[in-house]
Amino acid sequence: EFNKMKYALLLHADRPEKNAVNVIRAMDQFLLKQDRNERTYLVITGIDSIRNLNINNLMCEDNFICVGYLKAPELEFLYQNAAYLIFASLNEGFGYPPIEAMKYGTPSVVSNVTSIPEICQDAAVYCDPYRVESIEEAIGVMDQFGIGSDVISRQFEKISSKQKEDLYDLINRIIK
């Protein structure tokens with residue numbers, strides 16, 4: 001059914017640093033402003049029920065779909081078919097989910113903190129992960145304008161090339 005609906009993707013809602021509570025609150029506020037016939041869903045991994053997060057007063061709870069833990073092919077399907085990824089992480093070492101999304105040409109709403117801006121550069125819409133209003137605004141910008149596939153593709157190629165270069169450099173240092 002997911003390929004027949006417009007949805008955003010939120011990963012690892014069971015991990016507090018992924019900031020699911022603020023993302024869900026922001027999406028709930030965003031959905032209240034959307035036309036009911038054109039609503040976006042939020043597919044959430046890592047939890048089986050929205051109630052696991054103890055969020056009160058959600059007005060659009062029917063638009064949140066929790067899928068628990070997924071196998072790699074299922075997760076790749078979600079990345080590939082999502083309208084966009086929401087990755088408003090509070091603490092991130094590198095930021096692989098936005099890169100995975102880029103691989104499929106899927107745009108991302110991401111945190112403006114930690115390593116994420118360095119990874120995404122101009123291939124994402126940024127938000128302050130500590131402010132629900134900022135996340136909601138970034139969702140609105142993404143929903144209305146998106147990010148060009150050429151920008152996403154270019155950034156993905158840049159990151160991929162850099163990772164290969166770094167790997168070859170590391171291998172050469174080890175064998176010397």
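Calculation notes
- Residues numbered from 1 in each chain as written.
- Predicted model: local features only at pLDDT ≥ 70, side-chain atom pairs only at ≥ 80, totals over all residues.
- Heavy atoms only, no water.
- Salt bridge = Lys/Arg side-chain N within 4 Å of Asp/Glu carboxyl O.
- Helix = DSSP H or I, 4+ residues; strand = E, 2+ residues; numbered from the N terminus.
- Buried < 20%, exposed > 50% of the residue type's maximum accessible area, 1.4 Å probe, protein only.
- Patch = residues over 30% accessible without salt bridge, like charges linked within 9 Å, V, L, I, M, F, W, Y side chains within 5 Å.
- Areas by Shrake-Rupley, 256 points an atom, 1.4 Å probe, with all protein chains shown as cover.
- Expected span 1.5 Å × (residues − 1).
- Contact = heavy atoms within 4.5 Å.
- Axes fitted to C-alpha atoms, helices over the stretch in contact; angles between N-to-C directions.
- Parallel < 35°, antiparallel > 145°, perpendicular 65-115°, else oblique.
- Left-handed = near helix turned anticlockwise from the far one by under 90°.

A complete count under the given rule lists eight salt bridges for this structure. One salt bridge in this structure joins Lys-162 and Asp-166, with 2.9 Å as the shortest N-O distance. With Lys-162 and Asp-166 both in helix H6 (residues 149–175), this residue pair falls four residues apart, about one helical turn. Taking relative accessible area as the criterion, Lys-162 reaches 44% and is therefore assigned partly exposed. The salt bridge involving Arg-173 is made with Asp-169; its shortest N-O contact spans 3.0 Å. With Arg-173 and Asp-169 both in helix H6, this residue pair falls four residues apart, about one helical turn.

Our focus in this paragraph is a nonpolar patch on the surface. A cluster of nonpolar side chains, contributed by Leu-167, Tyr-168, Leu-170, Ile-171, Ile-174 and Ile-175, occupies part of the molecular surface with about 650 Å² of accessible area. Positionally, Leu-170 belongs in helix H6. Looking at Leu-170, the relative accessible area reads 47%, which means it is partly exposed.

A separate point is helix H5 (residues 132–145). Given 3.6 residues per turn, any residue in an α-helix points the same way as the ones three and four places further on. For H5, spanning 14 residues, the distance from its first C-alpha to its last is 20 Å, which sits close to the expected 20 Å at 1.5 Å a residue. Regarding H5, the residues found buried are Val-132, Ser-134, Ile-135, Glu-136, Ala-138, Ile-139, Gly-140 and Met-142. As for H5, its buried residues are in contact with helix H1 (20–33), strand E4 (84–87), strand E5 (108–111) and strand E6 (125–127). Where H5 terminates, the next one or two residues include Gly-146, which has phi positive at roughly 65 degrees.

Here we come to the packing of helix H3 (residues 96–103) against H6. It is at 9 Å that the axes of H3 and H6 come closest, and there the two elements cross at 120 degrees. Here H3 is positioned oblique relative to H6, judged by the angle of their axes. The crossing of H3 and H6 is left-handed. Contacts between H3 and H6 involve Tyr-96, Ile-99, Met-102 and Lys-103 on the former and, on the latter, Ile-152, Gln-155, Phe-156, Ile-159 and Gln-163.

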